[in-house]
Amino acid sequence: MIRIYVRMVGMRWNGQRAAGTADDGALPGLALAEVAAVPGHLRSVRTPEFQGAVFHEVLAKSALNRVPGGSSMPFSWTVNPYRGCSHACVYCFARGSHRYLELDTGRDFDSQIIVKVNVAEVLRRELHRPSWAHEHVALGTNTDPYQRAEGRYRLMPGIIRALSESGTPLSILTKGTLLRRDLPLISEAADRVPVSLAMSIAVGDPALQQSIEPGTPSTRARLETVATASAAGLACDVFLMPVLPRLTDSTAHLARLLSEIREAGARSVMYGPLHLRTHVKPWFFAWLEREHPELLPAYRSLYPGSSSRAPQAYRRELAARIRPLIRRYGLERGERPAPPPALARAAGSGPSFSPETPTLF
Ligand code: SF4
């Protein structure tokens with residue numbers, strides 16, 4: 001791997017136009033001296049629009065990632081246009097993926113974002129291989145495809161078109177309200193192939209949500225996005241993950257959030273307790289020490305040493321509390337009315353995550 005030192009002064013951000021074509025709406029970039037050890041690195045960009053963030057534009061060699069055999073995920077392929085995520089959720093499951101770039105799994109994961117500027121073009125080529133079996137492709141399983149950079153790079157429309165035009169079923173999981181921009185395109189895709197949409201919403205309290213998911217749209221904005229998708233005839237599921245012990249797992253919190261999710265018109269809810277992988281733990285515990293030091297003993301006992309899953313007793317207790325609520329609000333999978341005819345194929349076609357699927361978001 002080659003370590004690249006880049007300096008760009010007065011460079012214009014030209015979105016995904018890797019070949020350097022003009023972008024009339026571009027913001028002037030700022031002087032930059034960044035170090036990146038990124039395969040296929042083209043350039044690194046910092047703009048006033050995204051304070052503190054650096055975007056490392058790369059040319060990807062491949063777009064489709066095969067999910068390792070033996071994984072519990074109900075899909076075999078993923079596409080990740082970005083690595084790192086400015087949504088910056090403290091508990092983020094994907095933080096460990098930044099290590100291979102010689103970047104740290106904390107602040108760097110939140111602010112050093114790898115952008116695969118040619119991802120749609122490479123994907124299109126891969127989907128046209130005679131060997132492609134048109135298996136389901138999941139988007140949003142590693143980092144969020146609708147994080148803020150997507151507003152500038154606009155990689156998702158090309159990805160969605162490439163998948164739908166090749167006859168490949170797809171699913172999208174996000175916390176990004178930018179999803180709304182692509183709803184007409186997603187509706188068109190759903191006329192051709194099975195499509196499923198899911199929004200991740202797990203924290204009802206606004207102060208806690210801003211503290212633990214500082215770069216994300218608010219819960220209210222995400223609920224409104226679910227409502228917009230539903231009104232457009234697109235069934236939208238909600239991933240109520242991760243449920244945070246002693247912070248968001250009370251019956252009162254869960255009932256309030258589920259009631260709002262129901263009101264927004266979500267089709268179903270899948271939940272999962274906090275999963276703390278090794279590379280996430282130090283960042284999570286540092287946050288806990290700063291924001292809720294009184295909970296440190298409880299969390300140390302729930303996630304001792306290298307254990308990443310909450311103990312079975314906790315998971316049972318949570319299930320006993322949340323499952324009746326999910327039923328009460330009619331949000332069990334398969335309970336809501338069928339979507340309109342154009343989307344009939346999409347209904348039930350998405351990943352059938354079990355309630356205990358490890359936390360993706
Ligand atoms: S949990 Fe999802 S939205 Fe949050 S930082 Fe990770 S990838 Fe981004």
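Residues numbered from 1 in each chain as written. Predicted model: local features only at pLDDT ≥ 70, side-chain atom pairs only at ≥ 80, totals over all residues. Heavy atoms only, no water.

With an unreviewed UniProt entry as reference, the chain is termed Radical SAM core domain-containing protein, source organism Leucobacter soli.

**Student:** Help me get a handle on the pairing of strand E12 (residues 236–243), residues and values and all.
**Tutor:** Burial analysis of E12 places 8 of its 8 residues in the buried class, the great majority of the element. Where strand E11 (residues 195–200) meets E12, 4 bridges bridge the pair, whose relative direction is parallel. Residue pairing across strands places Ser200 opposite Phe239, the latter belonging to E12. Note that the unit made of E12, helix H8 (residues 251–263) and strand E13 (residues 269–273) has a crossover that is right-handed. (Buried < 20%, exposed > 50% of the residue type's maximum accessible area, 1.4 Å probe, protein only. Helix = DSSP H or I, 4+ residues; strand = E, 2+ residues; numbered from the N terminus. Pairing = 2+ DSSP bridges. Right-handed = clockwise from strand over helix to strand, strands pointing away.)

**Student:** Go over the environment of Arg327 with me, naming the residues and quoting the values.
**Tutor:** Relative to the elements of secondary structure, Arg327 occurs in helix H11 (residues 312–328). Sequence separation between Arg327 and Val269 is 58 residues; the distance between their C-alpha atoms is 9.7 Å.

**Student:** Explain the nonpolar core to me, and be specific about the residues and the numbers.
**Tutor:** The biggest cluster of nonpolar side chains holds 91 residues, and the ones touching the most others in it are Ile172, Ile186, Leu240, Phe284 and Tyr299. With 6 residues, the top contributor of residues to this core is H11. Discounting residues that sit within four places of it in the chain, Ile172 has contacts with Leu139, Tyr146, Met156, Ile160, Leu179, Ile186, Ser196, Leu197 and Ala198. (Core = buried A, V, L, I, M, F, W, Y, C linked by side-chain atoms within 4.5 Å. Contact = heavy atoms within 4.5 Å.)

**Student:** Go over the pairing of strand E8 (residues 112–116), please, and point to the residues and values.
**Tutor:** For E8, the tally of buried residues reaches 5 of 5 residues, placing the bulk of the element in the interior. Burial along E8 is two-sided: Gln112, Ile114 and Lys116 and Ile113 and Val115, pointing in opposite directions, are all buried. Where strand E4 (residues 54–58) meets E8, 5 bridges bridge the pair, whose relative direction is parallel. Its bridge partner lying in E8, Val58 is registered against Lys116. Of the strand pairs in this sheet, strand E7 (residues 82–83) and E8 are connected by 2 bridges, and their pairing is antiparallel. Bridged to Tyr82 within E8 is Val115.

**Student:** I'd like a description of the sheet that holds strand E3 (residues 41–45), backed by residues and values.
**Tutor:** Ordered in space as E3-E4-E8-E7, the 4 strands form an open sheet in which the pairing is mixed. Edge positions in the open sheet fall to E3 and E7, since each of these has one partner strand only.

**Student:** Give a description of the packing of aromatic side chains that names residues and reports values.
**Tutor:** A complete count under the given rule lists 7 aromatic pairs for this structure. Centroid distance Phe55 to Tyr153: 6.2 Å. Interplanar angle 55°. Geometry classified as tilted. One end of the pair, Phe55, is in strand E4; the other, Tyr153, is in helix H3 (residues 150–153), with 98 residues separating them in the sequence. Accessibility assignment for this pair places Phe55 and Tyr153 in one class, buried. Ring geometry for Phe284 and Trp287: centres 5.7 Å apart, planes at 45°, overall tilted. Taken together, the residues Phe284 and Trp287, both in helix H9 (residues 281–291) and 3 residues apart, mark about one turn of the helix. Across this residue pair, the class does not change: Phe284 and Trp287 are buried. (Phe/Tyr/Trp six-rings, centres within 6.5 Å; stacked < 30°, edge-to-face > 60°.)

**Student:** Please set out unusual backbone geometry residue by residue, giving values where relevant.
**Tutor:** Between Met241 and the following residue, Pro242, the backbone shows a cis peptide bond with an omega angle of -5°. Within the secondary structure, Pro242 sits in strand E12. Phi at His134 takes a positive value of approximately 55°, unusual for a residue other than glycine. Structurally, the position occupied by His134 is in the loop between helix H2 (119–127) and strand E9 (137–139). Residue Arg154 is not a glycine yet carries a positive backbone phi of 50°. Tracing the chain through its elements places Arg154 in the loop between H3 and helix H4 (156–165).

**Student:** Account for the confidence of the model for the chain, with residues named and values stated.
**Tutor:** The predicted coordinates should not be examined in detail at positions where pLDDT is low. Within the chain, residue pLDDT values average 85, and 82% of them lie at 70 or more. Taken together, the stretch residues 1–36 has pLDDT below 50 and engages in 94 contacts with residues farther than four places along the chain or on a different chain. Across residues 338–361, where pLDDT falls below 50, the model places 71 contacts with residues more than four positions away in sequence or in other chains. (pLDDT = per-residue confidence, 0-100.)

**Student:** Would you mind going over the packing of H2 against H4 in detail, with residue names and values included?
**Tutor:** Interhelical geometry of H2 versus H4 gives an angle of 10° and a closest axis separation of 8 Å. By the angle class used here, H2 and H4 are roughly parallel. Residues Val119, Ala120, Leu123, Arg124 and Leu127 of H2 form the contact with H4, whose own contacting residues are Gly158, Ile159, Arg161, Ala162, Leu163 and Glu165. Broken down by class, the residue content of the contact of H2 with H4 amounts to 7 nonpolar, 1 polar and 3 charged. (Axes fitted to C-alpha atoms, helices over the stretch in contact; angles between N-to-C directions. Parallel < 35°, antiparallel > 145°, perpendicular 65-115°, else oblique. Nonpolar A, V, L, I, M, F, W, Y, C, P; charged D, E, K, R; others polar.)

**Student:** Run through H11, naming residues and quoting values.
**Tutor:** Here H11 contains 17 residues, and its C-alpha end-to-end distance of 24 Å stays within 8% of the 24 Å for a straight helix at 1.5 Å per residue. Along H11, the helix axis deviates most sharply at Ala320, where the bend reaches about 25°; the proline Pro324 sits within four residues downstream. Among all positions in H11, only Tyr314, Arg315, Leu318, Ala319, Ile322, Leu325 and Ile326 are buried. If you follow the buried residues of H11, they end up packed against E12, H8, E13 and helix H10 (296–302). (Expected span 1.5 Å × (residues − 1). Bend = angle between axes of the 7 residues up to and from the residue.)

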